[in-house]
Amino acid sequence: MIEQMLPDIPRLYTALAEWIACVIYILPLKKKVNTKGLIWRLALMLVLQCGVQLIAGSLDVVFWVPGMLVAVLVMYGCIYICCDISKADVGYCCARAFITAEFAASLGWQLYCLPIVQNASDTKWVAYVVGAGTYIVVFGGVFFLERRRLSTTTKLNVNIKELVSAGLIAIAVFAISNVSFVVNTGDFREPLAALFFIRTVVDFSGLTMLYSQLEQRNEMRLRREIEALDNVLHRQYENYRQSKENNELLE
């Protein structure tokens, strides 16, 4: 059976990825509380994130989508109670954090499943070693990239259009990469066994799309700033020329 060959990602595995993804977006941004308060809030949200995933995992598959929605809301709440940014900015960071978590968890579990498929090994500690290594590489790389764009003085100023666009990308990527959970019939799952492996590619593609959107947004903002500066310089030049003409008339 496909479920025996390719076990589903453990809930705690996913919860930890979601929490770390939130942390790497929280750290560079302006905080609402001091360091001690931040630690307490992050610890509380870690417990809550794990609790939500464990409860969702114990429910029937029909509650899988609602369970994931609650997990996303917890991610949103985690960023909201820690960072002093607008609600739209929180939603934008949450969408990016969610897809980052999905990619990290999917990649780590896929790497762990490779020896299971090939060698029928079920050593549990291997999952933690592979997962830890994957999380360090993925989240470390994302944190390095985001730290260059975000700071305690940064205001994303995300508008509704940008927020909706990021949200739709996240929803589409999640739906496509997890279609085998939505359609849970044996006739459909069996020929799509390889979907478990390509879900990592789908998540990575979604992450790339979100970064491309961010780069385009930054380029547009930079273009607007250059245009505004050019307008200021042009007005200053016009004022200077007018002042010079006036002085010449007085002479």
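Residues numbered from 1 in each chain as written. Predicted model: local features only at pLDDT ≥ 70, side-chain atom pairs only at ≥ 80, totals over all residues. Heavy atoms only, no water.

Let's talk about the overall build of the protein chain
Secondary structure summary: the protein chain contains 10 helices and 0 strands in total. Expressed as a percentage of the 251 residues in the protein chain, the buried residues total 40%. Summed over its atoms, the accessible surface of the protein chain is roughly 14600 Å², and 66% of this surface lies on carbon and sulfur atoms. (Helix = DSSP H or I, 4+ residues; strand = E, 2+ residues; numbered from the N terminus. Buried < 20%, exposed > 50% of the residue type's maximum accessible area, 1.4 Å probe, protein only. Areas by Shrake-Rupley, 256 points an atom, 1.4 Å probe, with all protein chains shown as cover.)

Some thoughts on the environment of Thr-134
Along the chain, Thr-134 turns up in helix 6 (residues 124–147). A residue is classified by how much of its surface remains accessible, and Thr-134, at 7% relative accessible area, is buried. Residues Thr-134 and Gly-108, spaced 26 residues apart in sequence, show a C-alpha to C-alpha distance of 5.4 Å. Ignoring anything within four residues of it in the chain, the contact list for Thr-134 reads Ala-104, Leu-107, Gly-108 and Leu-111. (Contact = heavy atoms within 4.5 Å.)

Looking at helix 4 (residues 64–82)
Spanning 19 residues, helix 4 covers 27 Å between terminal C-alpha atoms, matching the ideal 27 Å at 1.5 Å per step. When helix 4 is considered as a whole, its buried residues turn out to be Trp-64, Gly-67, Met-68, Ala-71, Val-74, Met-75, Gly-77, Cys-78, Ile-79 and Cys-82. (Expected span 1.5 Å × (residues − 1).)

Describing the pattern of salt bridges
Per the counting criterion, the structure on display carries 2 salt bridges. Between Lys-30 and Asp-84 there is a salt bridge, with its nearest N and O atoms 3.7 Å apart. Of this pair, Lys-30 sits in the loop between helix 2 (11–26) and helix 3 (35–58) while Asp-84 sits in the loop between helix 4 and helix 5 (87–119); the two residues are 54 residues apart in sequence, bridging distant segments of the chain. Its relative accessible area of 41% is what places Lys-30 among the partly exposed residues. (Salt bridge = Lys/Arg side-chain N within 4 Å of Asp/Glu carboxyl O.)

Examining the packing of aromatic side chains
Within this structure, the stated rule accounts for 7 aromatic pairs. Judged by centre distance (5.4 Å) and plane angle (55°), the rings of Phe-98 and Phe-174 are tilted. Here Phe-174 lies in helix 7 (residues 160–177) and Phe-98 lies in helix 5, a separation of 76 residues in the sequence. The same class applies to Phe-98 and to Phe-174, which are both buried. Arranged with centres 5.4 Å apart and planes meeting at 70°, the rings of Tyr-135 and Phe-139 form a pair that is edge-to-face. (Phe/Tyr/Trp six-rings, centres within 6.5 Å; stacked < 30°, edge-to-face > 60°.)

What about the side chain of Ser-106?
Examined against the element boundaries, Ser-106 turns out to sit in helix 5. The contacts of Ser-106, once residues within four sequence positions are left out, are Ile-9, Arg-199, Thr-200 and Asp-203.

A closer look at the environment of Cys-50
Among the secondary structure elements, Cys-50 is positioned in helix 3. Separated by 39 residues in sequence, Cys-50 and Arg-11 have C-alpha atoms that sit 7.5 Å apart. The contacts of Cys-50, once residues within four sequence positions are left out, are Leu-12 and Ala-15.

As for the confidence of the model for the protein chain
Averaged over every residue, the pLDDT of the protein chain is 79; residues scoring 70 or more account for 79%. Predicted confidence for residues 1–6 stays below pLDDT 50, and this span has 9 contacts to residues more than four positions away or in other chains. Across residues 185–193, confidence stays below pLDDT 50; counting only partners more than four residues off in sequence or on other chains, it has 10 contacts. (pLDDT = per-residue confidence, 0-100.)

With respect to the environment of Lys-87
If you trace the backbone, Lys-87 turns up in helix 5. In the structure, Lys-87 is positioned 11 residues away from Tyr-76 in sequence and 9.2 Å away in space, judged by C-alpha atoms. Beyond its immediate chain neighbours, meaning those up to four positions away, Lys-87 contacts Tyr-76 and Tyr-80.

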